[in-house]
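Fold and geometry: a report
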Amino acid sequence: MSKVNIKIEGIPYEVDAGLTILEACKQCGYDIPTLCTFNHGECNQGSCRVCLVEATGARGLVASCVYPINEGMEITISSPKAVAARRASVELILSNHNRNCQECDKNEYCELLDVARRVGARDNKFDGAKSPVTVDQLTPTIVRDTSKCVLCGRCVERCKSAHGIGVLGFENRGFNAMVAPAENRPFIKSPCIMCGQCINVCPTGALMEKSEIAKVDEAMAAGKYVIAQTAPAVRAALGESFGMPVGTPVTGKMVAALRRLGYKKVFDTDFAADLTIMEEGTEFLSRFKNKEALKKEGKYPLITSCSPAWIKFCEHNFPEQLGHLSSCKSPQQMFGAVCKTYYAEKLGMDPKDIVVVSIMPCTAKKFEKGRPNQAAAGVPDIDYALTTRELAKLIKRAGILFNDLEPSTFDAPLGIFTGAGLIFGVTGGVMEAALRTVYEIVVGKEAPSLDFVDVRGTQGIKEASYDLNGVKVKVAVASGLANARKIMDDIKAGKSDYDFIEIMSCPGGCVNGGGQPIKTAYERNNFDIKAIRAASIYAQDKNLEMRKSHVNPAVQTLYKEYFGEPNSHKAHEILHTKYVKRDLH
Amino acid sequence: MARLNSKAEAQIVSIIERYKDEKTPLMMILSDIQKEYGYIPLEVQELVSDKTGIPVAEIYGVVTFYSFFSLQPKGKYVIGCCLGTACYVKGAQQVIDKFSEILGIKAGETTKDGLFTLDALRCLGACGIAPAVSINGKVYPKVSVDQVQGIINELKGGAN
């Protein structure tokens, strides 16, 4: 790569050509404050004006995030003029900002507060009129509060780049400008898939999950039998909320914390993931046997159904192709269904008296639990779904010293899990778990290696072929719905030769879900968070004795005592669901 | 989604097809629709979105950003009062207020009979004849408050 010579604060540096001032300064060890720049150019609007610096050859101050460097450029970050300009930019943003920081759900990770500290912004410097405010809290999932929005555009770009959807856009002009779905409609009247990626990239509290903490408090206070289940990806990220490095596994501490929070039982969604493999693996094998006929009916290849945001996306964008989706409920819902049928019978309790709380890396799970056909026992399978962030908040509120907790283990039987269930939290994990079991059923012996490395990794689309006793099975794994769209378009055009497809909505899978601890733009720009959390999950799987869903003794007992066999009539009634066609507009 | 009738849909689709080889066709498509129909309602934006793959939120953003585009049908006569600096100091605010008072509409609105739309414009570049009013492309120079009723009468006469 060619190099150019620049000076920063009078000191000469040689840097890569073609960089922006912001990037060049980063190479030389300077972190200029910025709000709108995000994720290696995913969002680069130059809209926030926080990163102003002086540069020779430029007229006035320039936004360093979009201004390119050139040979001989002299950049000044700390001149009185640049310092004052950055401070004024932030003060102007603050002048139109709802500054009730103490009650803001994002206050711990607010990037606006961070840059305000760094530039020394004063309060009320430019007090005046405020833009009209919209607060949309109609969905069970995402709250949009424009009084906190800084119009950086990160959410707009995220929705487009991750999913190719673009639910959010800038609308109106000047003082009335806002980021919103078309016509400033609520999310519920848009094709929003509730994935929460916009929450993760929002630098302020303008986008946040809809909290269900108060409802869980009520259930606890009413003395209900409250059961917790924790999704696999939570344990690879929860520690980050307590200052631990990204990807620190905290399974034991998480279980211990949930016990202290008063849950009667602490179970594991991984158990239900193992159950999902039994149901979905069986479904795959039965479709596989009949593939030519099912292709004509639009039911082959089979596509996984664990990701509720993916399901909603498919319903909006590919309503004629819903036949490809596995009829299996997601692990969250299977857990709730088993809890309120089989386990309620075991306890001798009325399912109405059991409250199931899911701890999820996902915001769409809050939507999924309210879908039709998700109430096996006549009451909702899942009562409340909390994000990883909400759990961290509860732990802090209770004064629990998380880092000092003695690790605890999940309760039996619904807390017994295998490595196959655990890797559901990562893109490729559901496929790998299915392959571990399907291979063994078809071939009659364990796969030569339980590590199906071809379906691992953070690439958007992965494909692999496996030889099962002379029969070739071609699989694909996609995360990020822009990638799913490519796969669906190919299926629609009759160009797809896959047998089995796994789709997760969030890029990298659930470890990068919309309910996970917020990472700042700086952290996201400099670390591959999803890869680090994924490595944590795979490392845990590697060390487990049981790594195949079908060897899970609790799952085996469940079939023996209750369902008979996978895809039995009873299993269909309790563990499977239906999908609905939705309009795109 | 509210549906367009099939004739309208075919017309919009033919406009979209004019620009199918363009890399960034949105402005041209919207511009043609605005010129030919006088406004771009949401159902049309949704159709443009379906055909181009551009998210409807983005299209709506463009339509609401540029004052050239309109979400509502415009009247037969679009009265644009310049409120640029020169016109403003020459009393343009009083002129637009008078139009507003006589027509019973605010800037940006259209009369119920569909005859008049009142728009507040920024500089028309006609500062020498301030305050200027532009009506369907014809520029009225040095408009005074007293002339407003006469202009409206003249247009109404033309309409009959």
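Residues numbered from 1 in each chain as written. Chains lettered and ligands numbered in written order. Predicted model: local features only at pLDDT ≥ 70, side-chain atom pairs only at ≥ 80, totals over all residues.

**Observations regarding the overall build of chain A**
Using the following cut-off: A helix here means a DSSP run of H or I that spans at least four residues, while a strand means a run of E at least two residues long, and both kinds are numbered starting from the N terminus. We compute the radius of gyration from the C-alpha atoms alone; for a globule the expected value is 2.2 Å times N to the 0.38, where N is the number of residues. For every residue, the other C-beta atoms within 10 Å of its own C-beta are counted; 20 or more classify it as buried, 12 or fewer as exposed, and values in between as partly exposed. C-beta atoms are placed from the backbone. Here the contact rule is simple: place C-beta atoms from the backbone, and any two residues whose C-beta atoms are within 7 Å are in contact.
What chain A contains, in helices and strands, is 20 helices and 18 strands. For 585 residues, the compact-globule estimate of 2.2 N^0.38 gives 25 Å, and chain A sits close to it at 25 Å. A principal-axis box enclosing the C-alpha atoms of chain A has dimensions of 75 × 55 × 45 Å. Out of the 585 residues in chain A, the part that is buried amounts to 53%. Taking as baseline every contact in chain A between residues at least 6 positions apart, the subset at least 24 positions apart corresponds to 74%.

**Topic: the interface of chain A and chain B**
Convention followed: Amino acids are sorted into nonpolar (Ala, Val, Leu, Ile, Met, Phe, Trp, Tyr, Cys and Pro), charged (Asp, Glu, Lys and Arg) and polar (every other residue, Gly among them).
On the chain B side, the residues contacting the 15 residues of chain A number 11 residues. Top element by residues in the side of chain A that touches chain B is strand 8 (residues 169-171) of chain A. It accounts for three residues. When grouped by side-chain class, the residues that make up the side of chain A that touches chain B number six nonpolar, four polar and five charged.

**Regarding the domain arrangement of chain A**
Residues and elements named next belong to chain A. As a reminder of what qualifies: Note that the domain bounds reflect an automated or database-derived domain assignment.
Domain annotation for chain A reports domain 1 (3-94) and domain 2 (130-209). One C-alpha centre belongs to domain 1, the other to domain 2; they are set 28 Å apart. Opposite the nine residues of domain 1 that make contact, domain 2 presents nine residues.

**Some details on helix 10 (residues 308-317) of chain A**
With respect to burial, helix 10 of chain A is a largely interior element, nine of its 10 residues being buried. Along helix 10 of chain A, the residues that are buried comprise A:P308, A:A309, A:W310, A:I311, A:K312, A:F313, A:C314, A:E315 and A:N317.

**Here we look at the pairing of strand 1 (residues 3-8) of chain A**
Along any regular strand, the residues point their side chains to alternate faces of the sheet. All names here are of chain A. Heads up, the condition is: Criterion used throughout: strands pair if DSSP finds at least two bridges between them.
Note: strand 1 against strand 2 (residues 11-16), six bridges, orientation antiparallel. By the bridge assignment for strand 2, I6 is matched with Y13. Between strand 1 and strand 2, which pair antiparallel and follow one another directly, the connecting turn spans two residues, one of which, E9, has a positive phi of 50°. Sheet topology note: the strand 1/strand 5 (residues 74-76) ladder contains two bridges and is parallel. For K7, the partnering residue across the bridge sits in strand 5 and is E74.

**Some details on the sheet that holds strand 5 of chain A**
Residues and elements named next belong to chain A. For clarity, the threshold we go by: With axes taken as lines fitted to C-alpha atoms, and helix axes fitted only over the stretch in contact, angles between N-to-C directions fall between 0 and 180 degrees.
Taking strand neighbours across the sheet as the criterion, the five strands line up as 2-1-5-3-4 in an open arrangement whose pairing is mixed. Of all the strands in the sheet, just strand 2 and strand 4 (62-63) have a single pairing partner and so form its edges. Running at roughly 155° to strand 3 (residues 52-55), helix 2 (residues 80-95) makes contact with strand 3 and strand 5 of the sheet.

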